[in-house]
Amino acid sequence: MVGELEFYNLFFVIIIGCVIGSFLNVVGLRLLSEESIVFPPSKCPNCQTRLSWRDNIPIFGYILLLGKCRYCKKPISIQYPLIELFTGIIFGLTYFYFGFTLNALFLLFLSCSLIVII
């Protein structure tokens, strides 16, 4: 039972990491263009059309759209799902080695800061 609970916790932490990775993409790209990280909502980098919530599901949105914008059909950078996946993996590994601790929280904050900077 403990092993099963740990698996679910790890899975949940990885999902949260992917969601945060999606937000880190927004922060990094919008800081470079001096836009607000809150408004306007996400849009296609090519045609500027506002994206639906289902297009913004970390990793799966990219896969379901086959890496192309739903509206203009132009390719979307592979950077988006890679950062989401990378962040999810970092969150998972941090939880695996440190559990739910203050050290893990500090490492995750540091990791997220470095991802945005990179």
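See the structure shown above.
It should be emphasised that the depicted structure is a prediction, and the values quoted were computed from it without experimental measurement.

(A) Region of interest: the pattern of salt bridges. Going through the model one piece at a time under the given rule, you end up with 2 salt bridges. The residue Glu35 makes a salt bridge to Lys43 at a minimum N-O spacing of 3.2 Å. Overall, the relative accessible area of 31% leaves Glu35 in the partly exposed class. The class of Lys43 is partly exposed, set by a relative accessible area of 26%. Here Arg70 and Asp55 are joined by a salt bridge, their closest N and O atoms 2.7 Å apart. In this pair, Arg70 sits in the loop between helix H2 (60-64) and helix H3 (79-98) while Asp55 sits in the loop between helix H1 (2-32) and H2, placing the two residues 15 residues apart along the sequence.

(B) Structural context of the nonpolar core. Within the largest apolar cluster, 7 residues are counted, these being Val13, Leu24, Phe91, Tyr95, Leu108, Cys112 and Ile115. Contributing elements (two or more residues each) for this core: H1, H3 and helix H4 (102-117). Counting residues per element, this core draws most heavily on H4, which supplies 3 residues.

(C) Examining H3 more closely. Between its first and last C-alpha, H3 extends 28 Å over 20 residues, near the 28 Å set by a 1.5 Å rise per residue. If you check which residues of H3 are buried, you get Pro81, Glu84, Thr87, Gly88, Phe91, Gly92, Thr94 and Tyr95. An end-on view of H3 places all buried positions within 165° of arc, on one side of the element. Of the exposed residues in H3, those oriented more than 90 degrees away from the buried face are Phe96 and Tyr97. The first or second residue beyond H3 is Gly99, which carries a positive phi of 70°.

(D) Expanded view of the packing of aromatic side chains. Scanning all chains against the criterion turns up 3 aromatic pairs. Ring geometry for Phe96 and Tyr97: centres 5.2 Å apart, planes at 85°, overall edge-to-face. Judged by its relative accessible area of 58%, Phe96 is exposed.

(E) Representation of the side chain of Asn25 in the model. Considering the arrangement of structural elements, one finds Asn25 in helix H1. Those residues in contact with Asn25, other than ones at most four positions away along the chain, are Gln79, Tyr80, Ile83 and Glu84.

(F) How the structure looks around the side chain of Ser22. Inspection of the secondary structure assignment puts Ser22 in helix H1. Within the local environment of Ser22, its side chain forms a polar contact with the side chain of Glu84, the two groups lying 3.5 Å apart. Dropping the residues within four chain positions of it, Ser22 is found in contact with Asn56, Pro58 and Glu84.

Cut-offs and rules
Residues numbered from 1 in each chain as written. Predicted model: local features only at pLDDT ≥ 70, side-chain atom pairs only at ≥ 80, totals over all residues. Heavy atoms only, no water. Salt bridge = Lys/Arg side-chain N within 4 Å of Asp/Glu carboxyl O. Buried < 20%, exposed > 50% of the residue type's maximum accessible area, 1.4 Å probe, protein only. Helix = DSSP H or I, 4+ residues; strand = E, 2+ residues; numbered from the N terminus. Core = buried A, V, L, I, M, F, W, Y, C linked by side-chain atoms within 4.5 Å. Expected span 1.5 Å × (residues − 1). Arc of directions from axis to C-beta. Phe/Tyr/Trp six-rings, centres within 6.5 Å; stacked < 30°, edge-to-face > 60°. Contact = heavy atoms within 4.5 Å. Polar contact = N/O pair within 3.5 Å; in protein donor to acceptor, adjacent residues only side chain to side chain.

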